[in-house]
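Coordinate analysis (summary)
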Amino acid sequence: MSLAANNLTWCAGRTTIIEDITFEVRKGEIFGLVGPNGSGKSTLLLLLAGLRKPTRGKVTFNGVNLAHINRRETAQQIALVAQQLDTTDRLSVRETVELGRTPWLGPITPFGEADRKIVEDALVETGVAHLAERQWQTLSGGERQRAHIARALAQKADYLILDEPTNHLDIHHQLAILALIKRLPITVILALHDLNQAMGCDRIGIMEGGRLEIVGSPEDTLTAERINRIFEVMAHPIIDPVDGKTILKFALPEEKKPTELK
Amino acid sequence: MARHLLDRRIVRLPVVALGISLLVIALLVGASIGETNIPFATVVQVLAIKMFGADYPIDAIDQGIIWNYRFSRAIVAASCGAGLGISGLVLQTLLRNILADPYILGISAGASTGAVAIAVAGVGGGAISLSAGAFVGALVAFVLVVGLSRAAGGFASNASGQIILAGVAGSQLFNALTSFIIARSANAEQARGIMFWLLGNLSGVRWPDVWLATPVAFVVFIIIVFHARALDAFAFGADAASSLGISVRRTQIILIGAAALVTAIMVSIVGAIGFVGLVVPHAARYLVGPRHGRLTPATALIGAIFLILADIVSRIVIPGQVMPIGVVTALVGSPAFAMILVRGSRGAK
Ligand SMILES: Nc1ncnc2c1ncn2[C@@H]1O[C@H](COP(=O)(O)OP(=O)(O)OP(=O)(O)O)[C@@H](O)[C@H]1O
Ligand SMILES: [Mg+2]
């Protein structure tokens, strides 16, 4: 079981957004994608979920070209929480999470007891059970984000693709979601901005300008030199006295002090 | 917490029964009210005679009026209201636009042009039926309007304004084409008849129209109910639907094709009736919420009842004269449109 990109290229009109990316996500791992704004993380995730057609190259799922697998089967295997998702419908949180069962239900199959249980569990796991009957428009940004993650969990897919899942979340829920992801026996691919959170992934890929710069363990790839080059910040490793782990502290390089940015 | 008016499970079954009873009552009222009012009991007796071969001593002329004119007319009004309602519902869901409706998007205007081209200008030399012409016109109009809104930068989430403007442009274009065809090919009397029909008019409706309108409305209704889950999945947009396993393109083609078909058939029978497709789904959403499994039947029922009532109003509001039904629906619909516009813009961020 694996999800892989082979010489994946995607163009918007004449502009190449994703350029010749090849890598493989291993079964069961947590794979983090990091990179500056506009480096192509979201686009790559959409391609991996089969929501964009590659201009060249392909995405393969267990060796089969994803473009040849129908949407329903794909959705049973791969769930996605995209970056910006909103609705004007007056759906409740529960109704939104119930949408996650869509790939498993036929047009006339009733929504069964098992489905209800899965939805309930997803609501509990993401900490939105108390909001189940609340209407979507009344939710805060973080509550929406957690409801979306619940919806993706209810999809019961083996692969979970999350685009900045910690976005909008307070620090408790950021850590709770990351802990949940680690607990689940599934493969997770997620885009992250917090490099310290990326440190918790099994492997990461660093993107820049539509290319995948490097794939590897966070320790090997997130070097001070590379962070400086790609993110244009200085990174200082600090040892946490509590658990002895490395934390990165960031600062703008000398010549780009905030006063001069104005 | 009762979010939608009819949300609680216990009330669901009686609600279905209530809805259908209301529809039946509306049909009976539609058959009883008119230039000469015929008592309710007589209407029921006539229907019993015609449908079950019952035996009541009722004047043959009254029987004729009720059965041949009024009852058939009420059924067509119901089919038409249901059809336009679910057509608007599908467009609103798939285009993610609360103002979408076959009339506003120019689909009805396209259908009118198609029908007039067949009826007046003789396109197709009699080989193509009026309804087929209307269907082609409706599809051409939709493709044109969507194409125009995309060309105007309507890919993004701010597409909602673009497609409505494109719909305005499309309606203008097709109405102009219709006028052009009429001016060129129709004589004065034909022209007057067509103009009246274009505003929406049920006076010429007879049983053969029932056999066209009702099956089409029913089949399209079944198609939409069958896609209810798929339509639900569009709540967060087409990409989200796709990630939930919906083949977006296929769903769009089938459902928009069905919406265009039902619109075209209704236009070819009764003309372009506006605002039903816009207002009715919103009323239904208010009652049963946004899930299409319930929303579709509710929309169909409310649309059917609404148009029967609108038809009654159009017959009795000016004594001795029939007002085009499109005028009635527009009088109700425009304020509703304004309300949806105001509430919608407040709701958005
Ligand atoms: N449909 C499109 N048409 C044109 N350009 C696009 C399109 N989609 C994405 N882009 C561009 O491609 C680049 C990569 O976008 P993407 O959203 O993948 O970046 P990202 O790494 O996710 O950024 P962020 O960290 O801000 O979320 C951006 O410059 C964006 O403007
Ligand atoms: Mg992004």
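Structure shown above.
Residues numbered from 1 in each chain as written. Chains lettered and ligands numbered in written order. Predicted model: local features only at pLDDT ≥ 70, side-chain atom pairs only at ≥ 80, totals over all residues. Heavy atoms only, no water.

1. Thoughts on the packing of aromatic side chains
All names here are of chain B. Here is the rule we go by: Within 6.5 Å between ring centres, the rings of Phe, Tyr and Trp (the latter by its six-membered ring) count as paired, and their orientation is classed by plane angle as stacked under 30 degrees, edge-to-face over 60, tilted in between. Note on conventions: DSSP H or I runs of at least 4 residues are helices, E runs of at least 2 residues are strands, and numbering of each starts at the N terminus. Buried residues are those whose accessible area, probed at 1.4 Å on protein chains only, stays under 20% of the maximum for their type, while exposed residues exceed 50% and partly exposed ones sit between those limits.
As enumerated under the stated definition, the model contains nine aromatic pairs over all chains in all. Consider the rings of Trp67 and Phe71, whose centres lie 5.7 Å apart with planes at 20°: the pair is stacked. Of the two residues, Trp67 and Phe71 are both situated in helix α3 (residues 60–94); the distance of four residues between them amounts to about one turn of the helix. In this structure, Trp67 and Phe71 share a single accessibility class: buried. Residues Trp67 and Trp207 carry aromatic rings whose centres are separated by 4.7 Å and whose planes lie at 35° to one another, so their mutual orientation is tilted.

2. Examining the interface of chain B and chain A
Condition: Two residues form a contact once any of their heavy atoms are found within 4.5 Å. The quantity reported as buried area is the accessible area (1.4 Å probe) lost by two parts once they are put together, taken as the sum for both. Salt-bridge detection follows one rule: a side-chain nitrogen of Lys or Arg within 4 Å of a carboxyl oxygen of Asp or Glu. All amino acids are sorted into three groups, where Ala, Val, Leu, Ile, Met, Phe, Trp, Tyr, Cys and Pro are nonpolar, Asp, Glu, Lys and Arg are charged, and the leftover types, Gly among them, are polar.
With 21 residues of chain B at the contact, the number on the chain A side is 35 residues. Contact between chain B and chain A buries roughly 2,500 Å² in total, counting both sides, with carbon and sulfur atoms accounting for 57%. The tally of links between chain B and chain A comes to three salt bridges. A salt bridge links Asp89 of chain A to Arg96 of chain B; its shortest N-O distance comes to 3.4 Å. Where the side of chain B that touches chain A is concerned, the elements lending two or more residues are α9 (228–232) and α10 (238–243) of chain B. Ranked by residues supplied to the side of chain B that touches chain A, first place goes to α10 of chain B with four residues. Here the residues of the side of chain B that touches chain A sort into nine nonpolar, five polar and seven charged.

3. Structural notes on the site of ligand 1
Residue and element names in this part refer to chain A. What counts here: The nearness test applies per residue and asks whether one of its heavy atoms lies within 4 Å of the molecule or strand. Whenever two N or O atoms come within 3.5 Å, that pair is a polar contact, provided that in protein one can donate a hydrogen and the other can accept it, and provided that, for residues adjacent in sequence, both atoms are side-chain atoms.
Near ligand 1 there are 14 residues, and of these Gly38, Lys41, Ser42, Thr43 and Gln83 occur at the shortest range. In the environment of ligand 1, an oxygen atom lies 3.0 Å from a nitrogen or oxygen atom belonging to the side chain of Asn37. The contact in question runs from an oxygen atom of ligand 1 to an N or O atom on the backbone of Ser39, over 3.2 Å. Secondary structure elements with two or more residues in the shell around ligand 1: β1 (3–12) and α1 (41–48). Partitioned by chemical class, the residues of the shell around ligand 1 number four nonpolar, eight polar and two charged.

4. Describing the coordination of the magnesium ion (ligand 2)
As a benchmark, a tetrahedral metal site with four donors has ideal angles of 109.5 degrees, while an octahedral site with six donors has ideal angles of 90 or 180 degrees. Rule in force here: Here a donor is any nitrogen, oxygen or sulfur atom (N, O, S) within 2.8 Å of the metal, with 3.2 Å used for Na, K and Ca; water is not among the atoms considered, so some sites may look incomplete.
On the protein side, the magnesium ion (ligand 2) has Ser42 of chain A (OG) and Gln83 of chain A (OE1) as donor atoms, found 1.9 to 2.3 Å from it. One end of the pair, Ser42 of chain A, is in helix α1; the other, Gln83 of chain A, is in the loop between β6 (78–81) and α3 (93–98), with 41 residues separating them in the sequence.

5. Here's the deal with the pattern of salt bridges
Note on pairing: side chains with opposite charge can pair once their charged atoms come close. This structure, assessed with the given rule, holds 18 salt bridges over all chains. Connected through salt bridges with shared partners, the residues Glu213, Glu225, Arg226 and Arg229 of chain A form a single ionic network.

6. With respect to the packing of helix α12 (residues 276–288) of chain B against helix α13 (residues 292–316) of chain B
All names here are of chain B. We apply this condition: Axis lines are fitted to C-alpha atoms, over the contacting stretch for helices. Their N-to-C directions set the angle, which ranges from 0 to 180 degrees. Here the angle decides the label: under 35 degrees means roughly parallel, over 145 means roughly antiparallel, 65 to 115 means roughly perpendicular, and every other value means oblique. Left-handed describes a crossing whose near helix is turned anticlockwise from the far helix by less than a right angle; the clockwise case is right-handed.
One can describe the packing of α12 onto α13 by two numbers: an axis separation of 8 Å at closest approach and a directional angle of 125°. With respect to each other, α12 and α13 are oriented oblique. In the crossing of α12 with α13, the sense of the turn from one axis to the other is right-handed. Judged by residue contacts, Val276, Val280, Pro281, Ala283, Ala284, Arg285, Leu287 and Val288 of α12 engage Arg294, Leu295, Ala298, Thr299, Ile302, Gly303, Phe306 and Leu307 from α13. Taken together, the residues of the contact of α12 with α13 sort by class into 12 nonpolar, two polar and two charged.

7. Concerning the sheet that holds β6 of chain A
The strands that make up a sheet pair up through hydrogen bonds in the backbone, lying either parallel or antiparallel. Residue and element names in this part refer to chain A. Cut-off, in case you're wondering: Any two strands between which DSSP finds at least two bridges are classified as paired.
Here we have six strands laid out as an open sheet, ordered β6-β7-β8-β3-β9-β10, and mixed in their pairing. With one partner strand each, in any of the chains shown, β6 and β10 (211–216) form the two edges of the open sheet. Within this sheet the neighbouring strands show an average axis-to-axis angle of 15°, counted without direction. Judged from the five bridges that link them, strand β9 (residues 203–208) and β10 form a sheet pairing that is antiparallel. Looking across to β10, one finds that Gly205 is bridged to Val215. Of the strands in this sheet, β3 (30–34), β6, β7 (159–163), β8 (187–191) and β9 are in contact with α1, which crosses β7 at around 155°.

8. A closer look at the sheet that holds strand β2 (residues 15–25) of chain A
Residue and element names in this part refer to chain A. On the basis of which strands lie adjacent, the open sheet formed by four strands has the order β2-β1-β4-β5 and antiparallel pairing. Each edge of the open sheet is held by one strand with a lone partner, namely β2 and β5 (64–65). Where strand β4 (residues 56–61) meets β5, two bridges bridge the pair, whose relative direction is antiparallel. The partner of Phe61 across the bridge, within β5, is Val64. On top of the sheet, α1 reaches β1, β2 and β4; it is set at about 60° to β2, its chief contact.

9. Here's the deal with unusual backbone geometry
Residues and elements named next belong to chain B. A positive phi is found at Arg96, a non-glycine position, where the angle reads about 50°. Tracing the chain through its elements places Arg96 in the loop between α3 and α4 (107–119). With phi around 75°, Phe275 is a residue other than glycine that occupies positive phi space. With respect to the helices and strands, Phe275 occurs in the loop between α11 (248–270) and α12.

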